[in-house]
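# Breakdown of the fold
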Amino acid sequence: MILEPIVPTVLSVRRLPHADPALVRAYGGDPARHTALGLVTVDQDDPTYVALDEATKHAPVDVIFAHSFYAGAAHASGRLSGEILGVFGAADPESIDQALDAFVRCLAHDACFYDADGKRTVTVFPHVIASLGEYLSKEAGLAPGEPMAYLVAPPIEATIGLDAALKAAEVRAVRVMTPPTETNFACAWLTGTLDECEAAAVAYAAAVVDVAASPRAR
Amino acid sequence: MSRTRQLIAALRDALGSSEPLAPAPPLPEIPAPPARVYTPRPERRPFAAEAARHTTALLGIGHVGTRYATDVVLQFQAELAVAHAAVDALLPEEWAAANGFVGVKSRVSDHREFLLRPDLGRRLDDASLATVRGKCTRHPDVQVIVADGLSAVACTGSGKALYDAVARACAARGLSVGTPVAARFARVWLEDEIGQEVGAKVAMILLGERPGLGTGDGLSAYVVYDPRVGRTDGDRNMISNIHARGIPIEEAAARLAALAAAMIEQKTSGVALDLARLGMTGERMPRAPQVRQKLVEKTGEAR
């Protein structure tokens, strides 16, 4: 069946209650404010960005590091590597705990890729963030609390999907990442009202499914 | 549920509703059943097989899981059917005359009453009493009665043969045998009244016995000395299982004649009779192995 959720697997969740300042600095944190770290690896990168952002709404934490790995989870460097490493930084371990709980909850129940062809050979991430957190709002150059459509698919599907999404709703592209990316997917961030973001995401998913079903239909 | 998942689920329904149903996944290939599904049958074990050779009881029938094997169940049902049929059978009224017997009848009027009222089956009705008084030889040594009892099948099957054999055996011992009588709807104690009426020294009734599994054709013989109405079973000697798979007719007839002779000699019967003085040799030979009659054919051997 198409468009079944593919729930991400959280491969590791670790905490450093009092990290070495050199480590914090190397990973982009401020040793004065980020003494405790929370580290996660997941086998889906884009849901993880969304979940990292979601966690910043639940606890006073900063996402100091988040990077996808080259070629994705199918070519991971190890059993626990997955597709992404995310690092929270906070002043105290309790905040890290709260953030990690929210992070895991979001991946279990909300953010995930969907099966676009019924065989999981084409996947799509047509996610709507109703209210941006500290992390993605800064990355997107938007204000916290604004809605955003976070749209990801493989290169050809994403390109046609983005066209469909922009035409289907009153949205504007905040950022478009053309292939190749680290994982060789293509990504687009769109914003508008929440209704328009939802309409854009649905149009994007429908276009991806259509391309996956008939890739040679001109 | 998250908003995004709701949106995508709705899109899935919208797309799915316009598409035909996905083709059913192919059925997995069903493996052929194993060639032999029965567990080894215990009857094939030497001990059970040897034990089963000496009885027609249900020994060494084995099991399949927690149940009986199918052929055992079918055999059981067939044997039960044989028993039911034997109980249900009626002795034809004309059978006595056709085989040279004087026909009499107990006070029972129909088969159902015969099964429900044993007391009525132990007394002659008025017409039969007159028949006995009018047609039977008085004061014989042995009065032999053939009767249906609980299995008319056994009576019609081997009643005449057993009577002939008994009569020959008694005559060989020099005992006079009374007029042959055949009784319908008869219980064992009917011999008391008939014997009393003809004044016989010994009354002997040969009647179909209560059918068991697969033995609807068994005859029993009950012998009493000085028959009187009111004799009890303590006054009787009996031989049961007179049929092809039990005691053969010739052997039973020899024993019955010996019993009658001993009763006349000792002037008693039943528990008071001293069987050690019966004077029959070769009585204590081991019984020949019995073979269970197969009513159900097995089409294929399990092994």
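Predicted model only: the values in this text are computed from it and were never measured. (Residues numbered from 1 in each chain as written. Chains lettered and ligands numbered in written order. Predicted model: local features only at pLDDT ≥ 70, side-chain atom pairs only at ≥ 80, totals over all residues.)

## A word on the overall build of chain B
Our working rule: Secondary structure elements follow DSSP: runs of H or I of four or more residues count as helices, runs of E of two or more count as strands, with numbering from the N terminus. Once C-beta atoms are placed from the backbone, each residue is buried if 20 or more other C-beta atoms lie within 10 Å of its own, exposed if 12 or fewer, and partly exposed for counts between those two. Here contacts are defined at the residue level, using C-beta atoms placed from the backbone and a cut-off of 7 Å between them.
Scanning chain B from terminus to terminus reveals 9 helices and 6 strands. Put simply, chain B has 303 residues, and 36% of those count as buried. The long-range share in chain B, meaning contacts at least 24 apart out of those at least 6 apart in sequence, stands at 70%.

## Points about the overall build of chain A
In terms of regular secondary structure, chain A is built from 6 helices and 10 strands. In chain A, 70% of the contacts between residues at least 6 apart in sequence involve partners at least 24 apart.

## A word on the packing of helix α7 (residues 152–172) of chain B against helix α9 (residues 249–266) of chain B
All names here are of chain B. What counts, and what does not: The angle between two axes is taken between their N-to-C directions and runs from 0 to 180 degrees, where each axis is a line fitted to C-alpha atoms and a helix contributes only its stretch in contact. Any angle that is under 35 degrees is reported as roughly parallel, and any over 145 degrees as roughly antiparallel; angles of 65 to 115 degrees are reported as roughly perpendicular and all others as oblique. Working rule for handedness: look at the near helix, and if it is turned counterclockwise from the far one by less than a right angle, call the crossing left-handed; if clockwise, right-handed. Under this grouping Gly is polar, as are all residues other than the nonpolar Ala, Val, Leu, Ile, Met, Phe, Trp, Tyr, Cys and Pro and the charged Asp, Glu, Lys and Arg.
Running from amino to carboxyl end, α7 crosses α9 at an angle of 45 degrees, the nearest separation of the two axes being 8 Å. What the angle tells us is that α7 and α9 run oblique. Between α7 and α9 the crossing geometry is right-handed. Across the interface between the two elements, Ser158, Ala161, Leu162, Ala165, Val166, Ala169 and Cys170 from α7 touch Ile249, Glu250, Ala252, Ala253, Ala254, Leu256, Ala257 and Ala260 from α9. Split into classes, the residues belonging to the contact of α7 with α9 amount to 13 nonpolar, 1 polar and 1 charged.

## A few points about the confidence of the model for chain B
To keep things clear, this is the line we draw: The quantity known as pLDDT measures the predictor's confidence residue by residue, on a range of 0 to 100.
Of the residues in chain B, 85% have a pLDDT of 70 or more, and the chain-wide mean is 85. Both scores are given for the predicted complex: the pTM is 0.48, the ipTM 0.88.

## Here's the deal with unusual backbone geometry
Leaving glycine aside, a negative phi is the common case for residues, and trans is the common case for peptide bonds. Along the chain, A:Pro179 connects to A:Pro180 via a cis peptide bond; the corresponding omega equals 0 degrees. In this structure, A:Pro180 sits in the loop between β9 (172–177) and β10 (186–191). Of note, the phi angle at B:Asp226 is positive, near 50 degrees, even though the residue is not glycine. Locating B:Asp226 in the fold gives a position in the loop between β5 (219–225) and β6 (236–242). Of the residues examined, B:Asp226 has 19 C-beta atoms within 10 Å and is grouped as partly exposed. Positive phi is not limited to glycine here, since B:Lys267 has a value of about 55 degrees. Relative to the helices and strands, B:Lys267 is located in the segment after α9.

## Observations regarding the nonpolar core
Here is the rule we go by: Here, a nonpolar core means buried Ala, Val, Leu, Ile, Met, Phe, Trp, Tyr and Cys residues linked by C-beta atoms lying within 7 Å of one another. Where each domain begins and ends follows an automated or database-derived domain assignment.
Ranked by internal contacts, the top residues of the largest apolar core, which has 77 residues, are A:Leu151, A:Ala200, A:Tyr204 and A:Ala205. No other element matches the 14 residues that helix α6 (residues 194–213) of chain A contributes to this core. Shared between two domains, this core takes at least three residues from each, and those domains are domain 1 (8–111) and domain 2 (116–213) of chain A. In this structure, B:Ala89, B:Val108, B:Val181 and B:Ala182 belong to the second largest nonpolar core, which totals 64 residues.

## Re the sheet that holds strand β4 (residues 62–68) of chain A
Residues and elements named next belong to chain A. Stated formally: Whether two strands pair depends on DSSP finding at least two bridges between them.
What the 4 strands build is an open sheet, ordered β2-β3-β5-β4; its pairing is antiparallel. A strand with exactly one partner marks an edge of an open sheet, and here the two such strands are β2 (10–16) and β4. Ignoring strand direction, the axes of neighbouring strands in this sheet form an average angle of 10 degrees. Two strands pair when backbone bridges link them, and strand β3 (residues 36–42) and strand β5 (residues 84–90) are joined in this way by 7 bridges, in the antiparallel orientation. When the sheet's bridge partners are listed, alanine 36 is paired in β5 with alanine 90. Helix-sheet contacts for helix α2 (residues 45–55) involve β3, β4 and β5, and the interaxial angle to β5 is about 10 degrees. Docked against the sheet, helix α3 (residues 93–109) engages β2, β3 and β5, running at close to 20 degrees with respect to β3.

## Regarding the interface of chain A and chain B
Tallying the contact residues gives 16 residues for chain A and 9 residues for chain B. Mapped onto the side of chain A that touches chain B, the elements with two or more residues apiece are β7 (123–129) and α6 of chain A. Sorting elements by how many residues they give to the side of chain A that touches chain B places α6(A) first, with 6 residues. Class assignment for the residues of the side of chain A that touches chain B results in 12 nonpolar, 2 polar and 2 charged.

## Notes on the sheet that holds strand β1 (residues 5–6) of chain A
Where strands meet in a sheet, backbone hydrogen bonds hold them as pairs that are either parallel or antiparallel. All names here are of chain A. Ordered in space as β1-β6-β7-β8-β10-β9, the 6 strands form an open sheet in which the pairing is antiparallel. Because the sheet does not close on itself, it has two edges, and the strands there are β1 and β9. Relative to β10, β9 runs antiparallel, the two sharing 5 bridges. Among the inter-strand pairings, alanine 173 is bridged to a residue of β10, identified as leucine 190. Sitting on the sheet, α2 is in contact with β6 (113–115), β7 and β8 (148–153), with an inclination near 15 degrees to β7.

## Let's talk about the packing of helix α5 (residues 155–168) of chain A against α6(A)
Residues and elements named next belong to chain A. For the pair α5 and α6, interaxial distance at closest approach is 7 Å and the crossing angle is 145 degrees. When the axes of α5 and α6 are compared, the crossing they make is right-handed. Facing α5, whose interface residues are Ile156, Glu157, Ile160, Gly161, Leu162, Ala164, Ala165 and Ala168, α6 presents Ala199, Ala200, Ala203, Tyr204, Ala207, Val208, Val211 and Ala212. Its residues placed into classes, the contact of α5 with α6 shows 14 nonpolar, 1 polar and 1 charged.

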